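Notes for the structure review
The primary structure of each chain is shown beneath.
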Amino acid sequence: MHILILGGTTEARALAGLLHGGGVRATSSLAGRVASPRLPEGEVRIGGFGGAQGLAEWIGAHAVDAVIDATHPFAERISFNAAGAAVTAHVPLLALRRPGWVPAAGDRWLSVPSLAAAADALDGLGERVFLTTGRMGLAAFAALPHRFLVRSVDAPEAPMPARAEVLLDRGPFTLDGERELLARHRIDVLVTKDSGAAATAPKLTAAREARIPVVVVRRPPVPDGVPVATTPEEAVAWVRSRLP
Ligand code: NAP
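Residues numbered from 1 in each chain as written. Predicted model: local features only at pLDDT ≥ 70, side-chain atom pairs only at ≥ 80, totals over all residues. Heavy atoms only, no water.

The environment of the ligand is made up of 22 residues, and the closest members are Gly7, Ser29, Phe49, His72 and Lys193. A distance of 2.8 Å separates an oxygen atom of the ligand from a polar atom in the backbone of Gly7. Here an oxygen atom of the ligand sits 2.9 Å away from a polar atom, N or O, in the main chain of Ile78. Looking at the shell around the ligand, the elements with two or more residues in it are strand 2 (25-30) and helix 3 (76-89). At 4 residues, the largest contribution of residues to the shell around the ligand is made by helix 3. In terms of residue class, the shell around the ligand is built from 7 nonpolar, 10 polar and 5 charged. (Near = heavy atom within 4 Å. Polar contact = N/O pair within 3.5 Å; in protein donor to acceptor, adjacent residues only side chain to side chain. Helix = DSSP H or I, 4+ residues; strand = E, 2+ residues; numbered from the N terminus. Nonpolar A, V, L, I, M, F, W, Y, C, P; charged D, E, K, R; others polar.)

Moving on: the domain arrangement of the protein. Its domain assignment divides the protein into domain 1 (2-98 + 220-240) and domain 2 (109-217). Each of domain 1 and domain 2 was reduced to a C-alpha centroid, and the two centroids are 28 Å apart. Sorting the residues of domain 1 by area buried against domain 2 places Arg33, Arg38 and Phe74 first, and these three jointly supply 56% of that buried surface. Viewed at the interface, domain 2 and domain 1 are joined by 0 salt bridges. For the pair domain 1 and domain 2, the number of links is 5 residue pairs in polar contact (both at pLDDT 80 or more). Class assignment of the residues belonging to the side of domain 1 that touches domain 2 gives a composition of 5 nonpolar, 2 polar and 3 charged. (Domains from an automatic or database assignment. Buried area = accessible area lost by both parts, 1.4 Å probe. Salt bridge = Lys/Arg side-chain N within 4 Å of Asp/Glu carboxyl O.)

The 6 strands are arranged 3-2-1-4-5-12 in an open sheet whose pairing can be described as parallel. Whereas interior strands pair on both sides, the edge strands pair on one side only; in this sheet they are strand 3 (43-46) and strand 12 (228-229). Relative to strand 2, strand 1 (residues 2-6) runs parallel, the two being bridged by 5 bridges. Residue pairing in the sheet places His2 in a bridge with Arg25 of strand 2. Docked against the sheet, helix 2 (residues 51-61) engages strand 1, strand 2, strand 3 and strand 4 (66-69), running at close to 155° with respect to strand 1. (Pairing = 2+ DSSP bridges. Contact = heavy atoms within 4.5 Å. Axes fitted to C-alpha atoms, helices over the stretch in contact; angles between N-to-C directions.)

Before going further, it helps to spend a moment on empty space enclosed by the protein. In this approach, a probe sized like a water molecule rolls over the atoms, and the result shows the empty space that is left. Within this structure, the stated rule accounts for 1 cavity of 30 Å³ or more. What the largest cavity holds in volume is close to 30 Å³. Forming the boundary of the largest cavity are Thr9, Glu11, Ala70, Thr71, Pro73, Leu96, Arg97 and Arg98. Among the residues forming the lining of the largest cavity, the class breakdown is 3 nonpolar, 2 polar and 3 charged. (1 Å grid on protein atoms, 1.4 Å probe; cavity = no way out; pocket = protein on both sides within 12 Å on 5 of 7 lines; lining within 4 Å. Points joined across faces, edges and corners; volume = space filled by probe spheres on them.)

Next up, the structure:
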């Protein structure tokens, strides 16, 4: 059996490790966005497929039996392409999505549907913004007068806010580190996508403690009809249920 894992997440790497360790052939696919990615175990390919059609052709050419879309919850286009390609190539598709974050007592969260809505929501929430939505899509904030601390793995893409300090860093982050960062930069408001990742969750606790509001960008939906697993182990069980 040959499984194609659409990756780029901690869960995708864990899944590749589990399948590889269990003797199941799996190829992990990365988009190639990060300069030096943490590579999963097993076979790896890097770069786009050329849309849903290109992905369907790759599936056929490499005798893929099933696809697991373990991409980031906000990687909407590749998930949409995977749904189309799976139909075209007649292979089963599973989405692996870690659960989203849930607010706790004391949290001041504002849930918004997009980065543009997050930018709108900043009006009146303070001057100093900790922006942790990744290096892409910062154009939504470019026209704002606020002071931004932008944290991303690789350098952000222009256009970006005029008053921005960039902090290149990759999780996991610690609670102590996040507390110190919020205090040192006198942050008034945090902006995040609802990635649900444990590695980046300490910023939410630090914001709660400091009574800082958090603008949370909601996830796009998983494409219609695609079953969802929430852990790599569940995804392995799905694969095992398909083994001859
Ligand atoms: P996207 O907008 O959904 O996809 C844009 C294009 O990138 C796709 O059409 C596809 O190109 C290519 N692509 C994306 N993921 C791919 C993969 N795993 N393997 C091969 N090609 C892929 O994706 P994105 O939001 O730019 O994210 C890119 C990658 O970074 C994803 O793998 C995702 O897991 C990871 N990531 C994303 C975020 C985020 O916030 N969006 C955060 C952390 C990690 P073709 O059409 O040419 O096939």
